[in-house]
Amino acid sequence: MQSGLSDRAATRQCCSASSTHTEHPWRRHGATHCLLHRLQLAPSLLKAPVARRAPKAARVQFYTSATLAAERPSETTASDAASPLKASDATGHINWDSLGFGVEHIAPIMFRATYTAEDGWQGGLEPYGPLEMLPSAQVLNYGQSVFEGMKAQRSARGRIVLFRPEENAVRMRAGAARLSMPPPPMELYVEAVTSAVRANAAWVPPRGRGSLYLRPLLLGTGPILGLGPAPAYTLVVYAAAVGCYFKCGQLTPIDLIVEERFHRAAPGGMGGTKAAGNYSPVLMTQLAAKEQGYNDVVYLDAKTDTYLEEVSSCNIFTVTGRTIRTPPLEGTILPGVTRRSLIELARARGYTVEEVPIPVADAMEADEVFTSGTAVVVSAVGSITYQGRRRQYGELGRPSPVTLEMYEALTSLQQELDDDPFGWVVPVCEC
Ligand SMILES: Cc1ncc(COP(=O)(O)O)c(C=O)c1O
């Protein structure tokens, strides 16, 4: 970064530096693969929740990937990045049997594209590395940031697959709209994710021993001082080889405590988006819960303090007999892809599934409770503590039967051990 350059001057310079870009390098990968075809066949998925362009005020100044690339000598330029990069297979240092959920095994290639109203989206694959931005970047000041979480895994059919990636694309687009960001086109999102998987294929753990967790980010990276949307945006997809989310092991039941002081989201807020800003506030309660020996907290509704909402990073279900319940989507909880899939899977298996408000008192009397999410998959809840009372579910240390059934049904489908009548599993490559 040049010193002494005002944001405005930097912006002008960046703008002119980018004006030679007439095509969108991310298109040059030319990947029209099955997922894209699927999306084209499903026009409802392509419907933009809002206009694709940034709001008018955002078209004044630009800070582009071209300048960023020019300022990082050790890395590829934006146009270099369009050439197919491939990570070396140097994964010998990874012990696939001891993978946790962290950044220890970050994959070496990431996808990055930037957006300005003038140039649209430009970008491609490049080595995983720092994102440079000015202190005046919108995201650092006002928090324009949404993200996603997805998994690529090796399936029993010897290929690397994704699970319902179009759902994540739709959710990121909706979140972008909520935060006044330009929703990335479906095709771009799909290409970003699938090219990152293909380039990092060696980082996808052997079947059944973990997955390649994908983290798409959409950030308002352009500079701004007064409150407003960013003049430029960055879409990044980076990845890491991961194992199970909760430390103790995938099927070990977790202990939850009901949060009685703080709420995660309020009606009319943005609890239903995967905005980064929804997550920092839960750290305080989560850390306090962990100090007391719990794995996480369950939030109650902000209006009445009566009904379950969700856990810090996953949705929640109760089981009573053959009835499975989960809180409805009314804007305060995240519409989880796993949640939605489990609802459909459970119905197909003959369960009655209700999306209804669940009083915490009822949850304390349920037969079973489990949580769901891309990272946690299906996680048995061993106990819930509320107002000083602890309810233990099932046998200590063991998942209860319906929870286990749903875990196995979902993971068998995701790993192509079972047929996929829903068409949810999307092959990326046989690599
Ligand atoms: C707050 C919250 N709820 C629920 C989920 C589960 O969503 P999904 O199943 O799409 O991973 C997540 C995970 O991303 C989350 O962060």
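Residues numbered from 1 in each chain as written. Predicted model: local features only at pLDDT ≥ 70, side-chain atom pairs only at ≥ 80, totals over all residues.

Focus: the overall build of the chain
Right, so step 1: Each helix and strand counted, the chain has 11 helices and 17 strands in total.
Right, so step 2: Across the 431 residues of the chain, 47% fall into the buried class.
Right, so step 3: Counting contacts in the chain only where the partners sit at least 6 residues apart, residues at least 24 apart contribute 75% of the total. (Helix = DSSP H or I, 4+ residues; strand = E, 2+ residues; numbered from the N terminus. Buried ≥ 20, exposed ≤ 12 C-beta atoms within 10 Å, placed from the backbone. Contact = placed C-beta atoms within 7 Å.)

Quick word on the packing of helix α6 (residues 165-178) against helix α7 (residues 186-199)
Right, so step 1: At a minimum axis distance of 10 Å, the contact between α6 and α7 shows a crossing angle of 125°. By the criterion of interaxial angle, the relationship of α6 to α7 is oblique. Regarding α6 and α7, the two cross each other, and that crossing is right-handed. Across from Pro165, Ala169 and Met172 in α6, the residues of α7 making contact are Met186, Tyr189, Val190 and Val193.
Right, so step 2: Tallied by class, residues from the contact of α6 with α7 come to 7 nonpolar, no polar and no charged. (Axes fitted to C-alpha atoms, helices over the stretch in contact; angles between N-to-C directions. Parallel < 35°, antiparallel > 145°, perpendicular 65-115°, else oblique. Left-handed = near helix turned anticlockwise from the far one by under 90°. Nonpolar A, V, L, I, M, F, W, Y, C, P; charged D, E, K, R; others polar.)

What to know about the environment of Thr371
Right, so step 1: Locating Thr371 in the fold gives a position in strand β14 (residues 368-373).
Right, so step 2: Residue classification places Thr371 among the buried positions, given that 29 C-beta atoms sit within 10 Å.
Right, so step 3: Separated by 32 residues in the primary sequence, Thr371 and Arg339 have C-alpha atoms spaced 8.6 Å apart.
Right, so step 4: Apart from residues lying up to four places away in sequence, Thr371 is in contact with Val311, Cys314, Asn315, Ile316, Val376, Ser379 and Val381.

Digging into the packing of helix α9 (residues 337-348) against helix α11 (residues 401-414)
Right, so step 1: Axis separation between α9 and α11 bottoms out at 10 Å; the angle between their running directions is 105°. The angle between α9 and α11 places the two elements in the roughly perpendicular class. Counting all contacts with α9, which are made through Ser341, Leu342, Leu345 and Ala346, the residues of α11 involved are Met406, Ala409 and Leu410.
Right, so step 2: In terms of residue class, the contact of α9 with α11 is made up of 6 nonpolar, 1 polar and no charged.

Some points on the nonpolar core
Right, so step 1: In terms of nonpolar packing, the biggest core is built from 97 residues, with Val193, Ala196 and Leu212 touching the most fellow members.
Right, so step 2: In this structure, Val193 is in contact with Met150, Leu162, Pro165, Leu214, Pro216 and Val237, ignoring residues within four places of it in sequence. (Core = buried A, V, L, I, M, F, W, Y, C linked by C-beta atoms within 7 Å.)

Some details on the site of the ligand
Right, so step 1: Around the ligand lies a shell of 13 residues, among which Leu334, Gly336, Thr338, Gly373 and Thr374 are the nearest.
Right, so step 2: Elements that contribute at least two residues to the shell around the ligand include exactly α9 and β14.
Right, so step 3: For the shell around the ligand, the element with the most residues is α9, which contributes 3 residues.
Right, so step 4: Counted by class, the shell around the ligand contains 3 nonpolar, 8 polar and 2 charged residues. (Near = placed C-beta within 6 Å.)

A closer look at the pairing of strand β5 (residues 160-163)
Consecutive side chains of a regular strand alternate in pointing toward one face of the sheet and then the other.
Right, so step 1: Neither face of β5 is exposed, since Ile160 and Leu162 on one face and Val161 and Phe163 on the opposite face are all buried.
Right, so step 2: With 3 bridges joining them, strand β4 (residues 150-154) and β5 adopt antiparallel strand pairing. For Arg154, the partnering residue across the bridge sits in β5 and is Ile160.
Right, so step 3: A loop of 5 residues connects β4 with β5, the two strands running antiparallel in sequence, and Gly158 in this loop sits at a positive phi of about 75°. (Pairing = 2+ DSSP bridges.)

Topic: unusual backbone geometry
Right, so step 1: Phi is positive for Val377, which is not a glycine, with a value near 60°.
Right, so step 2: Examined against the element boundaries, Val377 turns out to sit in strand β15 (residues 377-386).

Observations regarding helix α8 (residues 280-291)
Right, so step 1: Relative to the 16 Å expected for 12 residues at 1.5 Å per residue, α8 spans 17 Å between its end C-alpha atoms, a close match to the ideal helical length.
Right, so step 2: Taken together, the buried positions of α8 are Val282, Thr285 and Ala289. The arc that holds every buried residue of α8, seen down its axis, measures 65°, which confines them to one face. Opposite its buried face, α8 presents the exposed residues Ser280, Leu283, Met284, Leu287 and Glu291, each directed more than 90 degrees away.
Right, so step 3: Packing partners of the buried residues in α8 comprise β8 (254-258) and β9 (296-300).
Right, so step 4: Positioned one or two residues after α8, Gly293 has a phi angle of 95°, which is positive. (Expected span 1.5 Å × (residues − 1). Arc of directions from axis to C-beta.)

Considerations on the pairing of strand β2 (residues 120-127)
Right, so step 1: Here β2 lies mainly inside the structure; 6 of its 8 residues are buried.
Right, so step 2: Across 8 bridges, strand β1 (residues 109-116) lies against β2 in antiparallel orientation. Paired with Tyr115 across the strands is Trp121, a residue of β2.
Right, so step 3: Here β1 folds back onto β2, and the loop between the two strands holds 3 residues.

Some details on the environment of His93
Right, so step 1: Inspection of the secondary structure assignment puts His93 in the loop between α4 (65-70) and β1.
Right, so step 2: When the C-alpha positions of His93 and His105 are compared, they lie 9.3 Å apart, and in sequence the two are 12 residues distant.

Regarding the environment of Val161
Right, so step 1: Its place among the elements puts Val161 in strand β5.
Right, so step 2: Taking the C-alpha atoms as reference points, Val161 and Lys151, separated by 10 residues in sequence, lie 8.4 Å from one another.
Right, so step 3: Excluding anything up to four places from it in sequence, Val161 contacts Ala152, Gln153, Ser155, Glu416, Val425, Val426, Pro427 and Val428.

Notes on the confidence of the model for the chain
Right, so step 1: Mean pLDDT for the chain: 83, with 80% of residues reaching 70 or above.
Right, so step 2: Scored below 50 in pLDDT, residues 1-83 makes 141 contacts in the model with residues more than four places away or belonging to other chains. (pLDDT = per-residue confidence, 0-100.)

Quick notes on α7
Right, so step 1: Between its terminal C-alpha atoms α7 stretches 20 Å, which fits the 20 Å expected from 14 residues at 1.5 Å a residue.
Right, so step 2: Counting buried positions along α7 yields 13 of 14 residues, so the element is predominantly enclosed.

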